[in-house]
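Okay, here's what each chain looks like letter by letter:
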Amino acid sequence: MERTLAIIKPDAVQHVDDIVYAIEADGFTIIDKQHIHLTIDQARDFYAEHNGKPFFEPLTKFMSSGPIYVMILSRENAIARWRRLLGPTDSVQAREAAPHSIRARFGTDNQRNACHGSDSRTSADREIRFFFPNATVEPLPNSAQIATFL
Ligand code: DGI
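What comes next is a walk through the structure. All residue numbers here refer to positions counted from 1 along the written sequence of the relevant chain. Where totals are concerned, whole chains, interfaces and linings use all residues; where local detail is concerned, this predicted model gives features only for residues with pLDDT of at least 70, and gives and counts side-chain atom pairs only at 80 or more. Just so you know, side-chain values use all the structure's heavy atoms and leave hydrogens and water out.

**Examining the site of the ligand**
Now for step 1: In the vicinity of the ligand, the residues found are K9, H50, F55, L59, R83, T89, R103, N110, Q111 and N113.
Now for step 2: Distance and chemistry together define a polar contact, namely a pair of N or O atoms within 3.5 Å, with one atom able to donate a hydrogen and the other to accept it when in protein, and with adjacent residues in sequence counting only for side-chain atoms on both sides. Within the side chain of H50, a nitrogen or oxygen atom sits 3.2 Å from an oxygen atom of the ligand.
Now for step 3: Within the contact set of the ligand, an oxygen atom lies 2.9 Å away from a side-chain nitrogen or oxygen of N113.
Now for step 4: Taken by itself the ligand offers 530 Å² of open surface, and the protein chains cover 76% of this. We call a residue near a molecule or strand as soon as one heavy atom of that residue lies within 4 Å of the molecule or strand. Under the convention used here, a 1.4 Å probe and the Shrake-Rupley method define accessible areas, while residue burial counts only the protein chains that appear.

Given below as structure tokens:
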């Protein structure tokens, strides 16, 4: 089973029940969760890869503007499946291209887009550790474990 990090952003926390329903209906298991209100510095740290882009300041201000709901999701192919359920980054575009997606249903535009999802295995590992430092590490495949001990 693969894991990914999901965040319900400040603009969509009032829809947490509907979003959790959509997540579970799509076959995910929520293996940990927490409400948190990020400081601006924590938001900057989380989105460090976007530092320098024109939307970095408004994005980090938005992400620290109110409580968020963070979840570790698990299922086969979780990273890609959660990105698919999210839809395109811009909620306006999502309503055209994927009207049943979460960003189409609960987001507004390309910043207030309801939810976040990790975009790779590397970022999922980093982002899960960012919010859940005590999360158990996923077991390595057998071949990798054997290689470690050779
Ligand atoms: O992985 P995504 O969240 O789909 O998109 P991303 O990693 O390219 O960008 C991260 C977040 O930054 C995105 O969810 C919303 C915000 N963002 C991205 N592009 C823009 C943006 N915000 C504004 N205001 N303008 C943008 O062009």
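**A few points about the packing of aromatic side chains**
Two measures describe an aromatic ring pair: the distance that separates the ring centres and the angle between the ring planes.
Now for step 1: Classification of ring pairs rests on two measures: the distance between centres of Phe, Tyr or Trp rings, Trp counted by its six-membered ring, which must be within 6.5 Å, and the angle between planes, read as stacked under 30 degrees, edge-to-face over 60 and tilted in between. Scanning the entire structure with this criterion turns up 5 aromatic pairs.
Now for step 2: Between F46 and F130, the aromatic rings sit 5.3 Å apart at their centres with planes inclined by 70 degrees, giving edge-to-face as the arrangement. Of this pair, F46 sits in helix α2 (residues 40–46) while F130 sits in helix α7 (residues 121–131), placing them 84 residues apart in sequence.
Now for step 3: Judged by relative accessible area, which is 3%, F46 ranks as buried.
Now for step 4: Between F130 and F131 the ring centres are 4.9 Å apart and the planes differ by 65 degrees, which places this aromatic pair in the edge-to-face class.
Now for step 5: On the accessibility criterion, F130 (26% relative accessible area) is partly exposed.
Now for step 6: One aromatic cluster in this structure is built from F46, Y47, F130 and F131. In this description a helix means any DSSP run of H or I spanning at least four residues, a strand means any run of E spanning at least two, and both kinds are numbered starting from the N terminus. For the exposure calls, accessible area comes from a 1.4 Å probe over protein chains only, and a residue counts as buried if that area is under 20% of its type's maximum, exposed if over 50%, partly exposed in between.

**Considerations on the nonpolar core**
Now for step 1: Among buried residues, the Ala, Val, Leu, Ile, Met, Phe, Trp, Tyr and Cys ones that are joined through side-chain atoms within 4.5 Å form a nonpolar core. Ranked by size, the top nonpolar core spans 21 residues in total, and within it M71, W82 and I102 carry the most contacts.
Now for step 2: Residue assignment for this core shows that the elements contributing at least two residues are β1 (2–8), α1 (16–25), β3 (68–75), α4 (78–86) and α6 (102–106).
Now for step 3: Only heavy atoms matter for contacts: two residues are in contact if any of them lie within 4.5 Å across the pair. Setting aside chain neighbours within four positions, we find I102 in contact with I19, A22, W82, L85, L86, G107, A114 and C115.
Now for step 4: Among the nonpolar cores identified, the runner-up in size contains 16 residues, and I7, Y47, I128 and F132 belong to it.

**Remarks on the environment of I31**
Now for step 1: Within the secondary structure layout, I31 lies in strand β2 (residues 29–36).
Now for step 2: For the pair formed by I31 and P10, sequence separation is 21 residues and the distance between their alpha carbons is 21 Å.
Now for step 3: If near-sequence neighbours (up to four positions away) are discounted, I31 is found in contact with R3, I72 and S74.

**Details of the pattern of salt bridges**
Now for step 1: The salt bridge criterion pairs a side-chain nitrogen of Lys or Arg with a carboxyl oxygen of Asp or Glu, the two atoms within 4 Å. Enumeration over the complete set of coordinates arrives at 2 salt bridges.
Now for step 2: We note a salt bridge from D26 to R81, for which the minimum N-O separation is 3.2 Å. Remark: R81 occurs in helix α4 and D26 occurs in the loop between α1 and β2; sequence separation between them is 55 residues.
Now for step 3: A salt bridge links E57 to R44; its shortest N-O distance comes to 2.9 Å. Highlighted residues: E57 in helix α3 (residues 56–63) and R44 in helix α2, separated in sequence by 13 residues.

**Looking at α7**
Now for step 1: Along α7, the residues that are buried comprise S123, A124, E127, I128 and F131. Viewed along the axis of α7, the buried residues span an arc of 130 degrees, placing them on a single side of the element. Every exposed residue of α7 that faces more than 90 degrees away from the buried side is listed here: T122 and R129.
Now for step 2: Looking at the buried residues of α7, the elements they touch are β1, β2, α2, β3, α4 and β4 (115–117). Directions from the helix axis toward the C-beta atoms define the arc.

None of this, on its own, says anything about what the molecule does.
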